[in-house]
Amino acid sequence: MRDIRIAAAQFENRNGDKAYNLQRIRELSKQAVEQGAEIVSFHECCIPAYTFVQPFSMDELSSLAESVPDGPSTQELMKISQEVGVPLLAGLLELDQGKVYNTYICVDGTELVARYRKLHAFVNSHISSGDEYVVFDVRGCRCGILICYDNNIIENVRMTTMLGADIIFMPHVTCCLPSVMPGRGLVDPELWHNRERDPVRLRQEFQGPKGKGWLMRWLPARAYDNGIYAIFTNPVGMDDQEVKPGLSMILDPYGEIIAECTKLGDDIAIALCTVDKISSSGGRRYLRARRPDLYGKLAEAPKEPPVTQPGWELKPSS
């Protein structure tokens, strides 16, 4: 790894409006590069949007999905990367051999640097899960990708680190969701629509247990325990019928937030990620202190069927 400035951008996406969403990616990427960013990342399925596909049939999903790298969205993302001169990371629905995947890609100019398929796919039962980790080199850095719920399974972050990643991009569509946990739940859309007149109440919702309060229970631990930079991205504003809080941020290998989005709207967080923190982090010491001879139980299949969807997002799909 080398010292590098990375941007985590957030924006309010529009359902199925790829042209609009790609234009926002273009505009925010330009702004990030003007502020010194050398890599710019966006949220899960930011190109087509995500939550609105819950009731889609397989035919509807397939019509929204595209091939990678030959599809129009990947090609447009490559054009944007050429325009701004830095690698870009963004999410879309990928169609491959009759299956649809929740996919996140990294492009650098005309090159497809990495393609990752979400390991724990849900929201729509017709979306297939990926079956491999992805670790790749870009601009002198060794990086990995884990999408949303993949990061809640602690073994995924550890495995990606052990495969060589110093930086893990963590695109999400999360927070402000129904939950049995105290203080969680949806945010009233009226608070979003009235945010300019009354920003305080919306900020309280975003910063409380529905939003940042929940993230802080686990996200810093993923960075700290593994000694990696965590690049967290998330949409802001209306995501179909739900409000998302953004909160895109960058955490260092000590689990500290070194840059975060604070606007109640589209925003960019940029941080200098330095190589010295990797080797000095506690997480890297913990990796060397492991006792694999004691961990056989970890490799056993669960006795109960795998949980493919987090309980707080269980919704029927056709």
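Please read these numbers as outputs of a predicted model, since none were measured by experiment.

In this section: the overall build of the protein chain. Scanning the protein chain from terminus to terminus reveals ten helices and 15 strands. The globule rule puts the C-alpha radius of gyration for 318 residues at 20 Å, and the 19 Å found for the protein chain is close to it. In terms of overall dimensions, the protein chain has C-alpha extents of about 50 × 50 × 45 Å along its principal axes. Here the protein chain, with 318 residues, has 55% of them falling under the buried criterion.

Two numbers describe how helix H1 (residues 18-34) lies on helix H3 (residues 72-84): the axes approach to 10 Å, and their chain directions differ by 20 degrees. The orientation of H1 relative to H3 falls into the category roughly parallel. The crossing of H1 and H3 is right-handed. Along its contact with H1, which presents Lys18, Leu22, Ile25, Arg26, Ser29, Lys30 and Val33, the element H3 presents Ser73, Glu76, Leu77, Ile80, Glu83 and Val84.

Within strand E8 (residues 141-145), four of the five residues are buried, which leaves the element mostly enclosed by the surrounding structure. In this sheet, E8 lies alongside strand E7 (residues 135-138) in antiparallel orientation, the contact comprising four bridges. Bridge assignment links Val135 to a residue of E8, and that residue is Gly144. Here E7 hands over to E8 after two residues, with Arg139 in that stretch at a positive phi of 50 degrees. The sheet contact formed by E8 and strand E9 (residues 167-171) spans three bridges and is parallel. In the sheet register, Cys143 faces E9, and the bridge partner there is Ile167. Crossover E8 to E9 through helix H4 (residues 154-162) is right-handed.

Moving on, we come to the confidence of the model for the protein chain. On average, the protein chain scores 95 in pLDDT, and the residues at 70 or more come to 96%. Between the elements of the protein chain, mean pLDDT differs from a low of 96, seen in helix H9 (residues 276-280), to a high of 99, seen in strand E10 (residues 229-233). Overall, residues 311-318 carries pLDDT values under 50, and its contacts beyond four positions in sequence, including any with other chains, amount to 23 contacts.

Turning our attention to the sheet that holds strand E13 (residues 249-251). With mixed pairing, six strands are arranged side by side in an open sheet as E7-E8-E9-E10-E13-E14. At either end of the open sheet lies a strand with only one pairing partner, and these are E7 and strand E14 (257-260). Averaged over all pairs of adjacent strands, the angle between their axes in this sheet comes to 25 degrees, without regard to strand direction. As defined by bridge partners, E13 adjoins E14 across three bridges and the pair is classed as antiparallel. By the bridge assignment, Met249 is partnered in E14 with Glu260. Strand contacts of H4: E7, E8 and E9, with the helix running at about 145 degrees to E9, the strand carrying the most contacts. Its contacts with the sheet place helix H8 (residues 219-226) against E9, E10 and E13, and it is angled at close to 30 degrees to E13.

Our focus in this paragraph is the environment of Glu76. Along the chain, Glu76 falls in helix H3. Accessibility expressed as a relative area gives 22% for Glu76, which makes it partly exposed.

Okay, a nonpolar patch on the surface next. Together, Met159, Met162 and Leu163 line one region of the surface with nonpolar side chains, adding up to about 250 Å² of accessible area. Structurally, the position occupied by Met159 is in helix H4. Relative accessible area serves as the criterion here: at 34%, Met159 is assigned to the partly exposed category.

Right, let's get into unusual backbone geometry. Geometrically, the link from Val68 to Pro69 is a cis peptide bond, its omega value of 10 degrees lying close to zero. Mapped onto the elements of the fold, Pro69 is located in the loop between helix H2 (58-64) and H3. In the Ramachandran plot, Ala49 falls in the positive-phi region, its phi being about 80 degrees despite a non-glycine side chain. With respect to the helices, strands and loops of the structure, Ala49 is situated in the loop between strand E2 (39-41) and H2.

Taking 1.5 Å per residue as the helical rise, H1 with its 17 residues ought to reach 24 Å, and the 24 Å between its terminal C-alpha atoms agrees with that figure. Turning to H1, its buried residues are Lys18, Asn21, Leu22, Arg24, Ile25, Arg26, Leu28, Ser29 and Ala32. Just beyond H1, the residue with positive phi is Gly36, at close to 105 degrees.

Thresholds applied
Residues numbered from 1 in each chain as written. Predicted model: local features only at pLDDT ≥ 70, side-chain atom pairs only at ≥ 80, totals over all residues. Heavy atoms only, no water. Helix = DSSP H or I, 4+ residues; strand = E, 2+ residues; numbered from the N terminus. Rg over C-alpha atoms; globule rule 2.2 N^0.38 Å. Buried < 20%, exposed > 50% of the residue type's maximum accessible area, 1.4 Å probe, protein only. Axes fitted to C-alpha atoms, helices over the stretch in contact; angles between N-to-C directions. Parallel < 35°, antiparallel > 145°, perpendicular 65-115°, else oblique. Left-handed = near helix turned anticlockwise from the far one by under 90°. Contact = heavy atoms within 4.5 Å. Pairing = 2+ DSSP bridges. Right-handed = clockwise from strand over helix to strand, strands pointing away. pLDDT = per-residue confidence, 0-100. Patch = residues over 30% accessible without salt bridge, like charges linked within 9 Å, V, L, I, M, F, W, Y side chains within 5 Å. Areas by Shrake-Rupley, 256 points an atom, 1.4 Å probe, with all protein chains shown as cover. Salt bridge = Lys/Arg side-chain N within 4 Å of Asp/Glu carboxyl O. Expected span 1.5 Å × (residues − 1).

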